[in-house]
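Descriptive structure summary
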Amino acid sequence: TSQPFILLDMKLESEQMFQDYRREVAKYATLGALAIVTLLLLSLRSARRVFNVSIPLVAAVIVVTALLALNGQALSIFHLIGLLLVVAVGSNYTLFFDHPSISKQDRMRTLTSLLFANLSTMMGFGLLSFSQSPVLNAIGSTVALGAFLSLIFSAVLITRHDK
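Residues numbered from 1 in each chain as written. Predicted model: local features only at pLDDT ≥ 70, side-chain atom pairs only at ≥ 80, totals over all residues. Heavy atoms only, no water.

Another aspect to go through is the overall build of the chain. From N to C terminus, the chain includes five helices and zero strands. In the chain, the succession of helices and strands from N to C terminus is α-α-α-α-α. Across its three principal directions, the C-alpha atoms of the chain cover 85 × 35 × 25 Å. Taken over 163 residues, the chain has a buried fraction of 28%. Expressed as a percentage of contacts within the chain between residues at least 6 apart in sequence, the contacts between residues at least 24 apart total 69%. Side-chain charges in the chain split into 12 positive and 8 negative, and the spacing between the mean points of these groups amounts to 16 Å. (Helix = DSSP H or I, 4+ residues; strand = E, 2+ residues; numbered from the N terminus. Buried < 20%, exposed > 50% of the residue type's maximum accessible area, 1.4 Å probe, protein only. Contact = heavy atoms within 4.5 Å. Lys, Arg positive; Asp, Glu negative; His and termini not counted. Charge placed at Lys NZ, Arg CZ, Asp CG, Glu CD.)

Here it is as structure tokens:
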């Protein structure tokens, strides 16, 4: 008995695997975003505050994505990982600017700490953006720019109402 031949189109199969992977990543990113919003709602107890805290993060993600596209870079899974890091880092900034402060001195001390933390993040990931490795380059350039924009957008866009 002879075995039948199976013709496998490697290009088609690899493209299909990549599309399936992208769909799965999009699904999990959406579930992650919903989980973050749910946790913020439970923590902040105000849909308005959650909206205010989310706006700078959304703005940073949109601007970074647009700049990558304008630079001719196709978004890869590594850019998406970088954008998740942008949201993680940026959420710290947004929560700081949303939180009422005890004293002006404490607020300035914390703001100075945030600026140094942001500078460290930008330098660390910025160095990765010069890497010849596409993985490190994508993550580094995405996070360095996104962290900077998250801090700027948080400072500018969040309207804080001290209690």
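Resuming the write-up.
Residues Phe51, Ile55, Phe148, Ile152, Val156 and Leu157 make up a contiguous nonpolar surface patch of roughly 530 Å² in combined accessible area. Among the secondary structure elements, those contributing two or more residues to the nonpolar patch are helix H2 (47-70) and helix H5 (134-157). When residues of the nonpolar patch are assigned to their parent elements, the largest contribution, four residues, is made by H5. Take isoleucine 152: it is sitting in helix H5. (Patch = residues over 30% accessible without salt bridge, like charges linked within 9 Å, V, L, I, M, F, W, Y side chains within 5 Å. Areas by Shrake-Rupley, 256 points an atom, 1.4 Å probe, with all protein chains shown as cover. Salt bridge = Lys/Arg side-chain N within 4 Å of Asp/Glu carboxyl O.)

The share of residues in the chain with pLDDT of 70 or more is 96%, and the mean pLDDT across the chain is 88. When the elements of the chain are averaged for pLDDT, helix H1 (residues 10-44) gives the smallest value, 86, and H5 the largest, 95. (pLDDT = per-residue confidence, 0-100.)

Taken as a whole and judged by the stated rule, the model has four salt bridges. The partner of aspartate 20 in a salt bridge is arginine 23, with the nearest N and O atoms 3.0 Å apart. Taken as a pair, aspartate 20 and arginine 23 lie in helix H1 at a separation of three residues, close to a single helical turn.

Look at H1: 50 Å from first C-alpha to last across 35 residues, which is about the 51 Å you get at 1.5 Å a residue. On its buried side, H1 packs onto H2 and helix H3 (77-98). Of the residues that open H1, the one with a side-chain oxygen 3.2 Å from the backbone nitrogen of lysine 11 is aspartate 9. (Expected span 1.5 Å × (residues − 1). Polar contact = N/O pair within 3.5 Å; in protein donor to acceptor, adjacent residues only side chain to side chain.)

Before going further, it helps to examine H3. Here H3 is 22 residues long and its end C-alpha atoms lie 31 Å apart, about the 32 Å a rise of 1.5 Å per residue gives. By the largest-angle criterion, glycine 90 marks the main kink of H3, which is about 25°. Among all positions in H3, only Ile77, His79, Gly82, Leu83, Val86, Val89, Gly90, Tyr93, Thr94, Phe96, Phe97 and Asp98 are buried. Buried-residue contacts for H3 involve H1, H2, helix H4 (104-128) and H5. (Bend = angle between axes of the 7 residues up to and from the residue.)

What the largest pocket holds in volume is close to 590 Å³. Together, 20 residues line the largest pocket, and Ala29, Ala33, Leu83, Leu84 and Val87 are the ones closest to its centre. For the lining of the largest pocket, the secondary-structure elements that each account for two or more residues are H1, H2 and H3. When residues of the lining of the largest pocket are assigned to their parent elements, the largest contribution, ten residues, is made by H1. Per-class residue counts for the lining of the largest pocket are 17 nonpolar, two polar and one charged. (1 Å grid on protein atoms, 1.4 Å probe; cavity = no way out; pocket = protein on both sides within 12 Å on 5 of 7 lines; lining within 4 Å. Points joined across faces, edges and corners; volume = space filled by probe spheres on them. Nonpolar A, V, L, I, M, F, W, Y, C, P; charged D, E, K, R; others polar.)

On to the side chain of serine 129, then. With respect to the secondary-structure elements, serine 129 resides in the loop between H4 and H5. Within the structure, serine 129 has its side chain in polar contact with the backbone oxygen of glycine 126 (distance 2.4 Å). Here serine 129 is in contact with Leu136, Asn137, Gly140 and Ser141, once residues within four sequence places are set aside.

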